[in-house]
Amino acid sequence: MSIEEICQIAQIEPSDENKEIIEKYTKHIIAWITSDEFKQNWANKPFPPLINPAVMDYAGSDASHAWALNLPLPKYYDFVVFGAHASGLHSAIPAFLYLCGCGLRTMYLREMEGQKEGHKGNKGNYIRMYDELVLAKQLKDRGDIKYSFLQLSDLCLDKDGVKFFSLVDASKALHVVKDPLEIIKSHSACPHRLEKLGFKDSDERVPLGVFLDTDPKEFAKNHIFYSSPNVKDWVIERPKMPDINSAESWIMDGAQNFHNALMFALLKGSLKVVKLKQTNDFIGDKCFDTMKEVAEFLGIDAPKEQDRWLFEKRVSDYKHFLPLRVYANDEMSVFDGSNARKISFDKSAYYMDKVSKEVVENSVEFIISTAFSNFSAMASDQDISELFELGDDVMRVFIRLKDAIKLLKNPNLLQKAKKYIKMLTNEIKEQAKIENTKKFKASDLLEYLEKHPKIAFDLKEILEQDLSVLRANKPEIIDGWQTYQDFLKLCEKLQKEQKDIELKPMMSNLSVCLALMDSRVVKSV
């Protein structure tokens, strides 16, 4: 059997790279694909594996080879969660899953600026997630975490999409839906922040952090910024208020929004039982009972009664402030109003005066986070919150073991840190309150769409396709979405008023995704 024939059986492009990889395993491949087990159980898969997954040594194998050979992602995850980006999957839901013992989430990511070269596209996602899942197994084996899960809330638009999703096992899945107009509203007022601390004498980056002499009020006040189509470079200019005009870009963003029907089509080969919940089920006093139901379905730890108050909290209040490091050493004095360290920034990182990588490495690293963070699930992170006065009872302070040993030998540094972290967390709490007042109301979005009827009609067409699976199975959920129903009434009104508007057929998010991916999925939608 030739390598070209093997490529044809596996639906693999016969590129030089792929043929070179296949050649290394030809003997094993031929023995496997001529076996009865392959013919009975795997041959009809859209991308059948060229090595028996049951005997695959994932930990000792090259992820790029596994991709070329159509190996399913290593099943070191317990379930899959999927839905739109702003349906709670990047705040409340993973937080509550962490509280039920899920110590690690592996995320499928859209194309983003700053990604490592080998992690771009669907192939890059596979390679990164493969390595993360191997790590998840190691953490489970050591007892550091109990459960892990895959999160599919973005979409990477390239020709390998169908292959990627065929290599995911979504036989146990949680699907979360939200009123699509509320999704756009949330995105349009979504805060942003820089994630890294840089050094002016180096290209290296470390997790974002402040120092004992960083002005906590100024940092908290200037940390958050918003996107705006009216600003040339909003990451540099950092608008302090959200702009409802950004709604159009979110409506047309098929990578983050409105890909529910497509996800069902892409996952159809492995979907068996799906637990469907709404974002609102995870809010306030409904959340605890929702998580009891979800935990039983997923086979994870049930929420603890003593944690009920946490499940009733808003997770997103501190999402864009925390986690945040505080780097502290003996040479630093605590901010007193006159000794503030100067801060600058570019599109990728903050820079602080007189800070080098050596300064950071010689500092004790305090991690300011919340009770919703997976830091609390990792055995390597020590929770020392009881030593501090924090701005909110959901806030936590974690420290790595090596830094805890340093701190035990230096009680004076601990006192400095306690004083500064109290100031910092109080300022973060106050600024979070201010940022929450900037959120849009549903009427703000509807007013914007009324002024832009072409965008409203485009959105209506996008949503007709995106909601097709939900409408066919649970129409009562859609009927209960007040903002979406108000939007449909608005479209009826606009249709009557805009008789002369030229409504050209548009390529919807779904159509664009299908065109960029693979025509074989079209019949499933």
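The rules behind these values
Residues numbered from 1 in each chain as written. Predicted model: local features only at pLDDT ≥ 70, side-chain atom pairs only at ≥ 80, totals over all residues. Heavy atoms only, no water. Axes fitted to C-alpha atoms, helices over the stretch in contact; angles between N-to-C directions. Helix = DSSP H or I, 4+ residues; strand = E, 2+ residues; numbered from the N terminus. Parallel < 35°, antiparallel > 145°, perpendicular 65-115°, else oblique. Left-handed = near helix turned anticlockwise from the far one by under 90°. Contact = heavy atoms within 4.5 Å. Nonpolar A, V, L, I, M, F, W, Y, C, P; charged D, E, K, R; others polar. Expected span 1.5 Å × (residues − 1). Buried < 20%, exposed > 50% of the residue type's maximum accessible area, 1.4 Å probe, protein only. 1 Å grid on protein atoms, 1.4 Å probe; cavity = no way out; pocket = protein on both sides within 12 Å on 5 of 7 lines; lining within 4 Å. Points joined across faces, edges and corners; volume = space filled by probe spheres on them. Core = buried A, V, L, I, M, F, W, Y, C linked by side-chain atoms within 4.5 Å. Polar contact = N/O pair within 3.5 Å; in protein donor to acceptor, adjacent residues only side chain to side chain. pLDDT = per-residue confidence, 0-100. Pairing = 2+ DSSP bridges.

Caption draft 1: Summary view of the packing of helix 10 (residues 216-223) against helix 18 (residues 411-436). At their nearest, the axes of helix 10 and helix 18 sit 9 Å apart, and the two run at 30 degrees to each other. On the basis of the axis angle, helix 10 is roughly parallel to helix 18. Pair helix 10 / helix 18 crosses with right-handed handedness. Every residue of helix 18 that contacts helix 10 at Pro216, Lys217, Ala220 and Lys221 is listed here: Tyr420, Met423, Leu424, Glu427, Ile428 and Gln431. For the contact of helix 10 with helix 18, the residue count by class is 6 nonpolar, 1 polar and 3 charged.

Caption draft 2: Seen up close, helix 20 (residues 453-466). Relative to the 20 Å expected for 14 residues at 1.5 Å per residue, helix 20 spans 20 Å between its end C-alpha atoms, a close match to the ideal helical length. Residues Pro453, Ile455, Ala456, Phe457, Asp458, Leu459, Ile462, Leu463 and Asp466 constitute the buried set of helix 20.

Caption draft 3: Structural view of empty space enclosed by the protein. If you walk through the whole model with that rule in mind, you get 1 cavity of 30 Å³ or more. Space inside the largest cavity adds up to approximately 60 Å³. Considering the residues around the largest cavity, the lining is formed by Ala84, Val176, Val177, Lys178, Pro180, Ile183, Phe258, Asn260, Asp466, Leu467 and Trp481. Elements supplying a minimum of two residues to the lining of the largest cavity: strand 4 (172-177) and helix 9 (180-188). The residue makeup of the lining of the largest cavity, split by class, is 8 nonpolar, 1 polar and 2 charged.

Caption draft 4: Spotlight on unusual backbone geometry. A cis geometry characterises the amide bond from Leu322 onward to Pro323, with omega recorded as 10 degrees. As for its placement among the helices and strands, Pro323 is situated in the loop between helix 15 (308-311) and strand 9 (324-328). With phi around 65 degrees, Asn70 is a residue other than glycine that occupies positive phi space. Examined against the element boundaries, Asn70 turns out to sit in the loop between helix 5 (63-68) and strand 1 (79-83). Residue classification places Asn70 among the buried positions, given a relative accessible area of 0%.

Caption draft 5: Quick look at the packing of helix 9 against helix 23 (residues 482-497). Relative orientation of the contacting elements helix 9 and helix 23 amounts to 100 degrees, with a least axis distance of 6 Å. Looking at the two axes, helix 9 sits roughly perpendicular to helix 23. Of helix 23, the residues touching helix 9 (which contributes Pro180, Leu181 and Glu182) are Thr483, Tyr484 and Phe487. For the contact of helix 9 with helix 23, the class distribution of residues is 4 nonpolar, 1 polar and 1 charged.

Caption draft 6: Main features of the nonpolar core. If you look at the biggest cluster of nonpolar residues, it comprises 75 residues, and the most contacted ones within it are Phe96, Leu97, Met291, Ile300, Val326, Phe366 and Ile428. Counting residues per element, this core draws most heavily on helix 18, which supplies 8 residues. Non-local contacts of Met291, meaning those with residues more than four positions away in its chain, are made with Phe96, Leu97, Cys100, Phe282, Pro303 and Phe311. Within the second largest apolar cluster, 50 residues are counted, among which are Leu133, Ala170, Leu262 and Met263.

Caption draft 7: Spatial organisation of the side chain of His85. Among the secondary structure elements, His85 is positioned in the loop between strand 1 and helix 6 (92-99). Of the polar contacts made by the side chain of His85, one reaches the side chain of Asp154; its length is 2.7 Å. Excluding residues within four positions of it along the chain, His85 makes contact with His90, Arg110, Ser153, Asp154, His187, Gln256 and Asn257.

Caption draft 8: Representation of the confidence of the model for the protein chain in the model. Residues at a pLDDT of 70 or more form 93% of the protein chain, whose mean pLDDT is 88. Note on residues 516-525: pLDDT under 50 across the span, and 23 contacts to partners over four residues away in sequence or across chains.

Caption draft 9: Quick peek at the sheet that holds strand 9. Spatially, 7-9-12-14-13 is the arrangement adopted by the 5 strands of the open sheet, whose pairing is mixed. Two strands in the sheet have a free side with no partner beyond their single neighbour: strand 7 (209-211) and strand 13 (381-383). Taking the axes of each pair of neighbouring strands and ignoring which way they run, one obtains an average angle of 35 degrees across the sheet. Here strand 9 runs beside strand 12 (residues 364-370); their pairing, made up of 5 bridges, is antiparallel. Following the sheet pairing, Ala328 is matched in strand 12 by Val364. Each of strand 12 and strand 14 (395-400) is contacted by helix 17 (residues 401-408), which is oriented at about 90 degrees to strand 14, the strand it contacts most.

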